[in-house]
Amino acid sequence: MTEIDPIAGLAARARAACLDLARLTEVPGEITRTFLSPPARDVTAYLSAWAAELGLSVRVDAAGNLRARREGPTPDAPTLYLGSHVDTVPNAGAFDGVLGVTLAFAVAGALRDTPLPFALELLAFSEEEGVRFGVPFIGSRALTGTLDPLLTLEDARGVSVRGALEAYGLDPAELPGARVSGPSVGFLEFHIEQGPVLQAAGASVGVVSAVAGQDRLLLDFAGQASHAGTTPMAHRRDALAAAARFAVAAEDLARSVPGLVATVGVMTARPGAINVIPGEAHCTLDIRHEHDPVRAGALDTLLEAAQGFAQERGVTLTVTHKMAQPAVPMAPAFRDGLRRAAAQVGQRAPDLVSGAGHDAMILADVMPAAMLFLRSPNALSHHPDEMAEPEDVEAALRIGVAFVQDLAAQGGR
């Protein structure tokens with residue numbers, strides 16, 4: 001009889017658990033599970049049952065995060081955290097966020113009988129996507145003590161974050177108890193890549209070097225609406241033409257600077273008639289890079305170009321900076337540890353930058369943090385056809401187990 005590989009079995013369970021949890025949805029026929037929606041209770045129950053199998057204690061903190069814990073050998077032992085988020089975007093795939101949670105449980109299962117010099121805490125963050133309240137990371141912000149300023153935000157129905165917590169049966173006054181306390185070894189997050197880099201490299205997994213910094217801006221071009229047939233080209237003040245030149249300039253610059261991405265994701269024009277020169281144009285800019293000086297220099301170049309396009313056409317430009325998020329490098333020692341673990345199990349794990357934000361970037365403010373990406377077939381994510389291949393899930397689990405064992409051999413340092 002062929003002996004069953006326990007790691008392979010746990011990897012299969014982690015993947016299957018994602019498909020089980022995908023059935024817990026607000027909208028029948030699709031995967032939609034927003035912050036503190038009714039299916040969140042079912043997710044908590046499912047994961048709590050798994051935690052009980054593993055002999056872990058379970059609590060739900062004041063932000064709705066499920067926290068399953070294996071205590072350390074002494075009361076003052078540090079804690080290693082593993083996990084990700086369980087909320088989704090509307091009509092999502094089954095693996096974004098959730099796979100990082102189920103793989104954390106699988107790691108704990110693989111090491112159940114292995115002595116460790118630190119505690120393990122598995123985290124299922126209640127919110128990361130920013131769908132309900134327009135601001136992400138409600139779950140992980142609770143662990144860093146930065147959630148309070150968001151409590152007054154309201155969703156589309158006028159319910160505040162505070163009100164949503166209370167309606168779910170949670171007490172916002174207990175949020176200080178959700179903060180990380182005591183010494184920390186660090187945080188490891190498994191996550192699907194959500195992009196094409198690993199697939200193009202033929203690699204199952206990759207080590208995240210940094211979460212890219214990003215700026216988001218609104219650009220308002222104001223010219224003069226007038227008749228499309230009777231206004232000569234030399235006399236026009238076409239706001240949309242200036243905005244269009246800007247959009248192409250953003251693409252051209254991003255193509256010429258390694259690692260830079262720039263996106264004009266929204267563009268509108270008024271009055272919006274086929275025979276009227278646009279007097280107003282409004283567009284957005286999202287620009288990202290792993291190195292803040294590179295991003296800042298590119299942004300300065302683009303805004304200078306935008307002013308030039310406006311002036312050439314007698315158009316005024318107003319720029320509103322909506323967000324500036326610095327890049328977040330992942331902890332070098334943890335990155336090295338992931339590379340060693342990958343080599344130990346026979347996997348290539350190339351470095352790559354995360355262009356999307358993740359909970360690891362929030363926890364990096366208070367402890368060492370690292371991410372291991374899994375290949376995304378066809379680069380699909382935030383889509384019902386999102387996938388994670390069984391062999392990639394198994395590779396990630398083997399690396400995760402070897403990584404934790406390596407940390408243990410070093411005494412949790």
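Computed from a prediction, not measured in an experiment: that's the story for all the values here.

**Q** Give me the side chain of Asp392: which residues, what numbers.
**A** Looking at where Asp392 falls in the secondary structure, it is placed in helix H11 (residues 390–409). Residue classification places Asp392 among the buried residues on the basis of a relative accessible area of 0%. Setting aside residues no more than four positions away along its own chain, Asp392 makes contact with Ser204, Val205, Leu374 and Arg375.

**Q** Kindly report on the pairing of strand E3 (residues 79–85), identifying the contributing residues and their values.
**A** By the criterion of burial, E3 is predominantly enclosed, with 7 of the 7 residues buried. Relative to strand E4 (residues 119–125), E3 is paired through 7 bridges, and the arrangement is parallel. Note that in E4 the partner of Tyr81 across the bridge is Glu121. Read from E3 through helix H3 (residues 98–110) to E4, the crossover connection turns out right-handed. Relative to strand E5 (residues 184–192), E3 is paired through 4 bridges, and the arrangement is parallel. Its bridge partner being in E5, Thr79 is matched across the sheet by Ser184.

**Q** For the pairing of strand E1 (residues 57–60), give the residues involved together with the corresponding values.
**A** Alignment of E1 against strand E2 (residues 66–70), held across 4 bridges, turns out to be antiparallel. Across the sheet, residue Val60 finds its bridge partner in E2, namely Leu66.

**Q** Provide a residue-level description of the environment of Ala349, including the pertinent values.
**A** Tracing the chain through its elements places Ala349 in the loop between helix H9 (332–344) and strand E15 (351–354). Ala349 gets classed as buried once you look at its relative accessible area, which sits at 17%. Between the C-alpha atoms of Ala349 and Leu338, which are 11 residues apart in sequence, the distance is 8.2 Å. Residues contacting Ala349, with those up to four places away along its chain left out, are Val205, Gly206, Val207 and Ala342.

**Q** I'd like a rundown of the pattern of salt bridges, residues and numbers included.
**A** If you walk through the whole model with that rule in mind, you get 21 salt bridges. Across the pair Arg398 and Asp5 runs a salt bridge, and its minimum N-O distance is 2.2 Å. Of this pair, Arg398 sits in helix H11 while Asp5 sits in the segment before helix H1 (6–22), and the two are 393 residues apart along the sequence. For Asp5, a relative accessible area of 32% translates into the label partly exposed. Of the charged contacts in the structure, one is a salt bridge between Arg375 and Asp392, with a shortest N-O distance of 2.7 Å. Taken together, the residues Arg375 in the loop between strand E16 (369–374) and H11 and Asp392 in helix H11 connect sequence positions 17 residues apart.

Procedures and definitions
Residues numbered from 1 in each chain as written. Predicted model: local features only at pLDDT ≥ 70, side-chain atom pairs only at ≥ 80, totals over all residues. Heavy atoms only, no water. Helix = DSSP H or I, 4+ residues; strand = E, 2+ residues; numbered from the N terminus. Buried < 20%, exposed > 50% of the residue type's maximum accessible area, 1.4 Å probe, protein only. Contact = heavy atoms within 4.5 Å. Pairing = 2+ DSSP bridges. Right-handed = clockwise from strand over helix to strand, strands pointing away. Salt bridge = Lys/Arg side-chain N within 4 Å of Asp/Glu carboxyl O.

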